[in-house]
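This is what each chain is made of:
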Amino acid sequence: MASQQLLGAVAAALVLLAASPVPAPAQGQAPDRRHLASASVEALQRTYLECDRVATNTPLDLASAAHCSMVGEELKHRVYGGEFERLLAWWRANRWTGAEAVSDAQTHDYGPDIP
C-alpha cells in the first residue's frame, strides 16, 4: 500500500514538475540517463525494486529520488515501450515482501552494473 502511495506521489510530482514554469535542467533538456544505457535490464529491475523497498521504509533524499526516477524511466522506455501501465503491472507482480527485501538487502551487492 505504501508503495502504491509512493508511485502516486512520484507521478503527481512529475506532473507538477512538467507543468511548472521552472526551466528543466541543462538548458531545457531531459535528465541525462546515458550512464544507465549500459546497465542490464536485470540490474535496472533490481535497482528499481530496491528503490521501492527503501522509499517504502524511509524518505529518499533528492539525489536518491532522482536516481530512482531515472532508473524507472530507463526501464519503462527500454523494456515496456514507454508505457507506465506496463511498468506498473511488472512492479505489482515483482515487488518484494518484507522478508525478501530484508534478506536481499543484507546479502546483495549490486556491483558496477548501476553507477
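Computed from a prediction, not measured in an experiment: that's the story for all the values here.

1. Comments concerning the overall build of the protein
Within the protein one finds 6 helices and 0 strands. Ordered by position from the N terminus, the helices and strands of the protein form the series α-α-α-α-α-α. Burial statistics for the protein: of 115 residues in total, 26% are counted as buried. Of all intrachain contacts in the protein linking residues separated by at least 6 positions in sequence, the fraction that spans at least 24 positions is 78%. Of the roughly 7400 Å² of accessible surface on the protein, 60% is carried by carbon and sulfur atoms.

2. Points about the nonpolar core
The biggest cluster of nonpolar side chains holds 13 residues, and the ones touching the most others in it are Leu 44, Tyr 48, Leu 75, Leu 87, Trp 90 and Trp 91. With 4 residues, helix H5 (residues 84-94) is the single largest residue contributor to this core.

3. Quick look at the packing of helix H3 (residues 41-57) against H5
For the pair H3 and H5, interaxial distance at closest approach is 11 Å and the crossing angle is 70 degrees. Of the possible angle classes, the one that applies to H3 and H5 is roughly perpendicular. Residues Gln 45, Tyr 48, Leu 49 and Asp 52 of H3 lie in contact with H5, whose contacting residues are Leu 87, Trp 90, Trp 91 and Asn 94. Residue classes in the contact of H3 with H5 are distributed as 5 nonpolar, 2 polar and 1 charged.

4. Topic: the state of the cysteines
One pass over the structure, following the stated rule, counts 1 disulfide. Between the sulfur of Cys 51 and that of Cys 68 lies a disulfide, 2.0 Å long from S to S. The disulfide joining Cys 51 to Cys 68 has a torsion of about -85 degrees about its S-S bond and is therefore left-handed. Of the two residues, Cys 51 is situated in helix H3 and Cys 68 in helix H4 (residues 62-79); the sequence distance between them amounts to 17 residues.

5. Points about the pattern of salt bridges
Considering all chains together, one arrives at 3 salt bridges under this definition. Measuring nitrogen to oxygen at the nearest pair gives 2.7 Å for the salt bridge that ties Glu 50 to Arg 53. Taken as a pair, Glu 50 and Arg 53 lie in helix H3 at a separation of 3 residues, close to a single helical turn. By relative accessible area, Glu 50 is classed as buried at 16%. By relative accessible area, which is 19% here, Arg 53 ends up buried.

6. Focus: H5
Turning to H5, its buried residues number three or more, namely Leu 87, Leu 88, Trp 90 and Trp 91. Each buried residue of H5 lies within a common arc of 160 degrees when the element is viewed along its axis, so the set occupies one face. Counted as exposed and oriented over 90 degrees from the buried face of H5: Glu 85 and Ala 93.

About the criteria used
- Residues numbered from 1 in each chain as written.
- Predicted model: local features only at pLDDT ≥ 70, side-chain atom pairs only at ≥ 80, totals over all residues.
- Heavy atoms only, no water.
- Helix = DSSP H or I, 4+ residues; strand = E, 2+ residues; numbered from the N terminus.
- Buried < 20%, exposed > 50% of the residue type's maximum accessible area, 1.4 Å probe, protein only.
- Contact = heavy atoms within 4.5 Å.
- Areas by Shrake-Rupley, 256 points an atom, 1.4 Å probe, with all protein chains shown as cover.
- Core = buried A, V, L, I, M, F, W, Y, C linked by side-chain atoms within 4.5 Å.
- Axes fitted to C-alpha atoms, helices over the stretch in contact; angles between N-to-C directions.
- Parallel < 35°, antiparallel > 145°, perpendicular 65-115°, else oblique.
- Nonpolar A, V, L, I, M, F, W, Y, C, P; charged D, E, K, R; others polar.
- Disulfide = S-S within 2.5 Å.
- Salt bridge = Lys/Arg side-chain N within 4 Å of Asp/Glu carboxyl O.
- Arc of directions from axis to C-beta.

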